[in-house]
Amino acid sequence: QVQLVESGGGLVQAGGSLRLSCAASGRTFRNYAMGWFRQAPGKEREFVSTISWSGGSTYYADSVKGRFTISRGNAKNTVYLQMNSLKFEDTAVYYCAAGGVAGIRLESGYDYWGQGTQVTVSS
């Protein structure tokens, strides 16, 4: 019912920046909180950030606080993740997810997932 497509990943040097986009489709898009997760090779998928459907509340993993910024443009059905001061350990596939409650940090709290976009940071 809700489809999510990520874009904007790529290869950057440590200290650089990338801006990820998540394009959403579906009539219930604005009723969902949105989140970003990431998964490095051989590692578990981990929470990165989430934003309420209205954009009024945002949450971040401690590892990205002060460096990443999540934002939502409901009129364009798009959620963004601005990533600054990137580190090698940020290298992962980044996934956009849609859930019903803002602030959820667990995979089980989200109903829909995109296919992911690769972010690679060279040290």
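Please refer to the structure placed before this passage.
Residues numbered from 1 in each chain as written. Predicted model: local features only at pLDDT ≥ 70, side-chain atom pairs only at ≥ 80, totals over all residues. Heavy atoms only, no water.

J.: Account for the environment of Ser57, with residues named and values stated.
T.: Positionally, Ser57 belongs in the loop between strand S5 (46-51) and strand S6 (58-60). Spatially, the C-alpha atom of Ser57 lies 19 Å from that of Leu20, the residues being 37 residues apart in sequence. Ignoring any residue separated from it by four or fewer positions in sequence, one finds Ser57 in contact with Thr50, Ile51 and Ser52. (Helix = DSSP H or I, 4+ residues; strand = E, 2+ residues; numbered from the N terminus. Contact = heavy atoms within 4.5 Å.)

J.: Before we move on, could you go through the sheet that holds strand S7 (residues 68-73) and cite the residues and values that matter?
T.: Ordered by their spatial adjacency, four strands build an open sheet running S1-S3-S8-S7, and the pairing between neighbours is antiparallel. Two strands bound the open sheet, and with one partner strand each, they are strand S1 (3-7) and S7. Between one strand axis and the next, the sheet turns through 15° on average, direction left out of account. Strand direction decides the pairing type here: strand S3 (residues 18-25) and strand S8 (residues 78-83), joined by six bridges, are antiparallel. (Pairing = 2+ DSSP bridges. Axes fitted to C-alpha atoms, helices over the stretch in contact; angles between N-to-C directions.)

J.: So what's going on with the environment of Lys87? Which residues, and what values?
T.: Checked against the element boundaries, Lys87 lands in the loop between S8 and strand S9 (92-99). Given the relative accessible area of 36%, Lys87 is considered partly exposed. Residues Lys87 and Gly15, spaced 72 residues apart in sequence, show a C-alpha to C-alpha distance of 6.4 Å. Lys87 has contacts with Arg67 and Val121, leaving out every residue within four places of it along the chain. (Buried < 20%, exposed > 50% of the residue type's maximum accessible area, 1.4 Å probe, protein only.)

J.: I'd like a description of the pairing of S3, backed by residues and values.
T.: Bridging between S1 and S3 involves five bridges; their strand directions are antiparallel. In the strand pairing of S3, Val5 is matched with Ala23.

J.: Lay out the state of the cysteines in plain terms, naming residues and giving numbers.
T.: A complete count under the given rule lists one disulfide for this structure. In this model, Cys22 is linked to Cys96 through a disulfide, with the two sulfur atoms separated by 2.1 Å. Taking the sign of the S-S torsion, -80° for the link of Cys22 and Cys96, the bridge is left-handed. Of the two residues, Cys22 is situated in strand S3 and Cys96 in strand S9; the sequence distance between them amounts to 74 residues. (Disulfide = S-S within 2.5 Å.)

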